[in-house]
Amino acid sequence: MVVILQFSLFGCKIKIDFVFVLLLSFAALFNANDLLYMLLFSFLHEIGHLAALMAVGGKADAVILSYYGAALKYESRLSRNLETVVLLSGPLVNLILYLIFKDDINLILFSLNILPIYPLDGGRIISLYLFKHSKAVGLVFLSMITFLGLYLAFFSKSFSLLLIAVYLIIYTINY
């Protein structure tokens, strides 16, 4: 990751990666409004996590905007229940935005992030409560998403879910 812009907001570092800026530029240049909205709603998702973290007394280290999307980094030690509140707050933001705007992007971000696959919010919650079984649960859901993605790619020429599955598989293998 090549950070080209970094600043602090309320004591939290905001780091913006070169590839993130490249994606924004691409979206603006080619009028890819869906990509711009996805980046905006992903950022608001992380702001939801940040607001919840601060509300429960935690301290954020950084919000990182990169080619992986947006991510909140923090080392605060929270109880399992407070950690769950922080983890659920991001998808809750997307659910609220979906109910307001009735848009597919927030529905997809909400649905994707509640899946019990690490590193998604749902996977992190599962690991809090079912640590010994979290990898197995994640692999079952990842397998289902992969097969559904292959089905959609083959029969409807829609590759989005398959690309998400490949990203999650690569992340799972590397971590």
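For every chain, the first residue of the written sequence is number 1, and numbering continues from 1 onward in sequence order. pLDDT decides what is reported in this predicted model: residues at 70 or higher carry local features, side-chain atom pairs at 80 or more are listed and counted, and totals for whole chains, interfaces and linings draw on all residues regardless. Only hydrogens and water are removed before side-chain values are computed, so all heavy atoms of the structure are retained for them.

A. Main features of the environment of asparagine 31. Helix and strand assignments come from DSSP, with helices taken as H or I runs of at least 4 residues and strands as E runs of at least 2, each series counted from the N terminus. Residue position: asparagine 31 is located in the loop between helix 1 (18-29) and helix 2 (33-55). Residue exposure (1.4 Å probe, protein chains only): buried if accessible area is under 20% of the type maximum, exposed if over 50%, otherwise partly exposed. Classification of asparagine 31 as exposed rests on a relative accessible area of 56%. Sequence-wise, asparagine 31 and isoleucine 16 are 15 residues apart; in three dimensions their C-alpha atoms are separated by 21 Å.

B. Quick look at the nonpolar core. Take the buried residues of types Ala, Val, Leu, Ile, Met, Phe, Trp, Tyr and Cys, join any two whose side-chain atoms come within 4.5 Å, and each joined set is a nonpolar core. Membership of the largest hydrophobic core comes to 17 residues, with the highest contact counts inside it found for Leu50, Leu53, Ala60, Val63, Leu65 and Leu72. Going through the elements one at a time, strand 2 (12-17), helix 1, helix 2, strand 3 (60-66) and strand 4 (69-74) are the ones with two or more residues in this core. With near-sequence residues (within four places) excluded, leucine 50 lies in contact with Cys12, Ala60, Val63 and Leu72. Contacts: residue pairs with any heavy atoms within 4.5 Å of one another.

C. Inspection of the confidence of the model for the protein chain at higher detail. Here pLDDT means the predictor's own confidence in every residue, given as a number from 0 to 100. Residues of the protein chain with pLDDT of at least 70 account for 98%, and the chain-wide mean is 88. Taken element by element, the protein chain is modelled with least confidence in helix 1, mean pLDDT 80, and with most confidence in helix 3 (residues 80-101), mean pLDDT 97.

D. Focus on the sheet that holds strand 3. By the convention used here, strands pair only if DSSP detects at least 2 bridges between them. Taken in spatial order, the four strands of this open sheet run 1-2-3-4, and their pairing is mixed. Every interior strand has two partners, whereas the edge strands, strand 1 (3-9) and strand 4, have only one. The sheet shows a mean angle of 15° between the axes of neighbouring strands, taken without regard to direction. The sheet contact formed by strand 1 and strand 2 spans six bridges and is antiparallel. Pairing of phenylalanine 7 across the sheet is with isoleucine 14, part of strand 2. Axis definition: a line fit to C-alpha positions, over the contact stretch in the case of helices; interaxial angles, taken between N-to-C directions, run 0 to 180 degrees. Strands strand 1, strand 2 and strand 3 of the sheet are contacted by helix 1, whose axis makes an angle of about 65° with strand 2. Sheet strands touched by helix 2: strand 2, strand 3 and strand 4. Its angle to strand 4, the strand with the most contacts, is close to 15°.

E. Focus on the environment of lysine 157. Looking at the element boundaries, lysine 157 is found in the loop between helix 6 (134-156) and helix 7 (160-174). Judged by its relative accessible area of 59%, lysine 157 is exposed. Of the polar contacts made by the side chain of lysine 157, one reaches the backbone oxygen of phenylalanine 154; its length is 3.2 Å. N or O atoms closer than or at 3.5 Å make up a polar contact, with two conditions inside protein: a donor-capable atom paired with an acceptor-capable one, and, for residues adjacent in sequence, both atoms drawn from side chains.

F. Quick look at the side chain of glutamate 83. As for its position among the elements, glutamate 83 is in helix 3. Charge convention: Lys and Arg are scored as positive, Asp and Glu as negative, and His as well as the terminal groups of each chain are ignored. Salt bridge, as used here: a side-chain nitrogen of Lys or Arg that lies within 4 Å of a carboxyl oxygen of Asp or Glu. Although glutamate 83 lies buried, it forms no salt bridge, and the closest oppositely charged side chain, arginine 124, sits 6.4 Å away as judged by the N-O distance. Separated by 2.5 Å, the side chains of glutamate 83 and tyrosine 74 make a polar contact. With sequence-adjacent residues up to four places away left out, glutamate 83 is seen in contact with Tyr74, Leu78 and Leu128.

G. View of unusual backbone geometry. Along the chain, tyrosine 118 connects to proline 119 via a cis peptide bond; the corresponding omega equals 20°. At lysine 102, a position not held by glycine, the phi torsion is positive, near 55°. When you line up the elements, lysine 102 lands in the loop between helix 3 and helix 4 (104-113). Given the relative accessible area of 57%, lysine 102 is considered exposed. If you check the backbone angles, lysine 157 has positive phi at about 55° while not being a glycine.

H. Structural context of helix 5 (residues 121-129). Residues Asp121, Gly122, Gly123, Ile125 and Ser127 constitute the buried set of helix 5. Against the buried residues of helix 5 lie helix 2, helix 3, helix 4 and helix 6.

I. Up close: the packing of helix 3 against helix 4. Direction vectors running N to C along helix 3 and helix 4 enclose 150°, while the axes themselves pass 8 Å from each other. As summarised for this structure, helix 3 and helix 4 are arranged roughly antiparallel, according to the angle between their axes. Crossing hand, helix 3 versus helix 4: left-handed. Contacts from Pro91, Asn94, Leu95, Leu97 and Tyr98 of helix 3 reach helix 4 at Asn106, Leu107, Leu109, Phe110 and Asn113. Each residue is assigned to one class: nonpolar for Ala, Val, Leu, Ile, Met, Phe, Trp, Tyr, Cys and Pro, charged for Asp, Glu, Lys and Arg, and polar for all the others, Gly among them. Per-class residue counts for the contact of helix 3 with helix 4 are seven nonpolar, three polar and no charged. Angles are sorted into four bins: roughly parallel if under 35 degrees, roughly antiparallel if over 145, roughly perpendicular if 65 to 115, and oblique for all others. Should the near helix be turned anticlockwise from the far one by less than a right angle, the crossing is left-handed, and should it be turned clockwise, the crossing is right-handed.

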